[in-house]
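Structural characterization, general
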Amino acid sequence: MTSSLFSPIFTKTLAATLLVSIAAAANADQRIATFDLGSLDTLDALGASEQVVGLPKQSLPDYLSAYSGDAYTDLGGLKNPDLEAITESEPSLLFYTGRQSDWETELAEIAPLLNTSLQGDDYLASFDENVRQIASKIDAEARAEEALEALHADIEAQREALSNAPRTLVVTHNGGNLMLNQHPVVHDVLGVAALEMPDSVTSETRGTRTFTPLSAEAIAEINPDVVLVIDRSAAIGDEPADVDALTQTLSDAGAENARVIMLTPALWYLSGGGLQSLALQIDEVMAALN
């Protein structure tokens with residue numbers, strides 16, 4: 001009669017340890033292609049730049065310009081992926097958002113997918129979950145928790161500093177038109193009060209999305225102290241807004257006391273939702289409102 005050299009408990013413990021080691025090794029070897037620049041931002045903050053193999057280079061904000069180099073494959077446009085380039089980059093994991101939803105089937109044939117869109121009504125909770133989800137794929141959970149703890153401490157301090165913030169309106173500029181933007185970083189994360197819209201302001205539904213156009217006269221009626229502008233046109237390479245002309249237009253309509261401040265286009269329109277971009281956005285709002 002033979003007996004095992006190891007107890008059942010030891011054998012199970014050893015097996016579990018081996019599985020964890022194998023998973024960690026797999027995470028360390030992860031080859032990530034990402035269409036989500038916010039996730040690229042987080043990967044960079046977590047020290048995983050060497051695991052990135054590809055991204056859409058034409059949309060990179062300045063602070064992520066290191067990823068424009070030849071070491072990284074250009075994956076095409078945010079809404080027009082280059083499937084051949086993605087395949088050639090040989091990813092083991094592919095990050096995507098709603099911008100690439102029409103290509104989901106084709107992308108899934110190349111590599112396993114992870115949807116990194118921020119979802120739900122609680123922006124900060126969704127942000128935290130997304131950071132943790134990304135960290136779990138690269139074995140960087142401890143580093144992510146440290147970063148989140150520091151970020152939350154900063155947010156609490158800045159929320160207190162903005163307790164008496166000026167009346168603030170956030171708008172998106174697109175092709176010469178302005179639309180209301182109830183941006184969660186400004187209103188939810190930092191707690192700056194959203195302004196009440198007058199009866200003259202109405203919303204429009206296009207497909208599944210709702211837009212609220214704002215004329216200069218409507219902005220004058222809303223009477224903000226500060227107008228923060230997210231320039232979509234500039235972010236995607238179209239004609240940017242002219243801040244002097246916009247200021248004059250608002251003044252002519254009766255909003256002569258409103259300060260117009262242009263936010264960094266790519267940061268706010270393309271790479272939001274990352275560990276670095278959220279901190280940078282908070283800094284920009286603080287500079288604008290103090």
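Attention in this report is confined to the structure presented alongside it. Everything quoted here is computed from the prediction, not taken from an experiment.

Let's talk about the nonpolar core
Counting 52 residues, the largest nonpolar core has Leu40, Leu43, Tyr67, Phe127, Leu228, Trp268 and Ile282 as the members making the most contacts within it. In terms of residues, this core owes the most to one element, helix H12 (residues 275-289), which gives seven residues. Beyond its immediate chain neighbours, meaning those up to four positions away, Leu43 contacts Ile32, Ala48, Ser49, Val52, Phe95, Ile134 and Ile138. With 19 residues, the next largest nonpolar core counts Leu169, Ala220, Ile222 and Leu250 among its residues.

Let's talk about the packing of helix H6 (residues 141-161) against H12
For the pair H6 and H12, the least separation of the axes is 11 Å and the interaxial angle reads 15 degrees. By the criterion of interaxial angle, the relationship of H6 to H12 is roughly parallel. Classified by chirality, the crossing of H12 by H6 is left-handed. Residue-level contacts link Ala147, Leu148, Leu151, Asp154, Ile155, Gln158 and Ala161 of H6 to Leu275, Leu278, Ala279, Ile282 and Met286 of H12.

Topic: the sheet that holds strand E4 (residues 93-96)
Reading across from one edge, E3-E2-E1-E4-E5 is the order of the five strands in this open sheet, with parallel pairing throughout. Since the sheet does not close on itself, it has two edges, and those belong to strand E3 (73-74) and strand E5 (113-115), each with one partner. Pairing between strand E1 (residues 32-34) and strand E2 (residues 52-55): two bridges, direction parallel. Bridged to Ala33 within E2 is Gly54.

Parameters and conventions
Residues numbered from 1 in each chain as written. Predicted model: local features only at pLDDT ≥ 70, side-chain atom pairs only at ≥ 80, totals over all residues. Heavy atoms only, no water. Core = buried A, V, L, I, M, F, W, Y, C linked by side-chain atoms within 4.5 Å. Buried < 20%, exposed > 50% of the residue type's maximum accessible area, 1.4 Å probe, protein only. Helix = DSSP H or I, 4+ residues; strand = E, 2+ residues; numbered from the N terminus. Contact = heavy atoms within 4.5 Å. Axes fitted to C-alpha atoms, helices over the stretch in contact; angles between N-to-C directions. Parallel < 35°, antiparallel > 145°, perpendicular 65-115°, else oblique. Left-handed = near helix turned anticlockwise from the far one by under 90°. Pairing = 2+ DSSP bridges.

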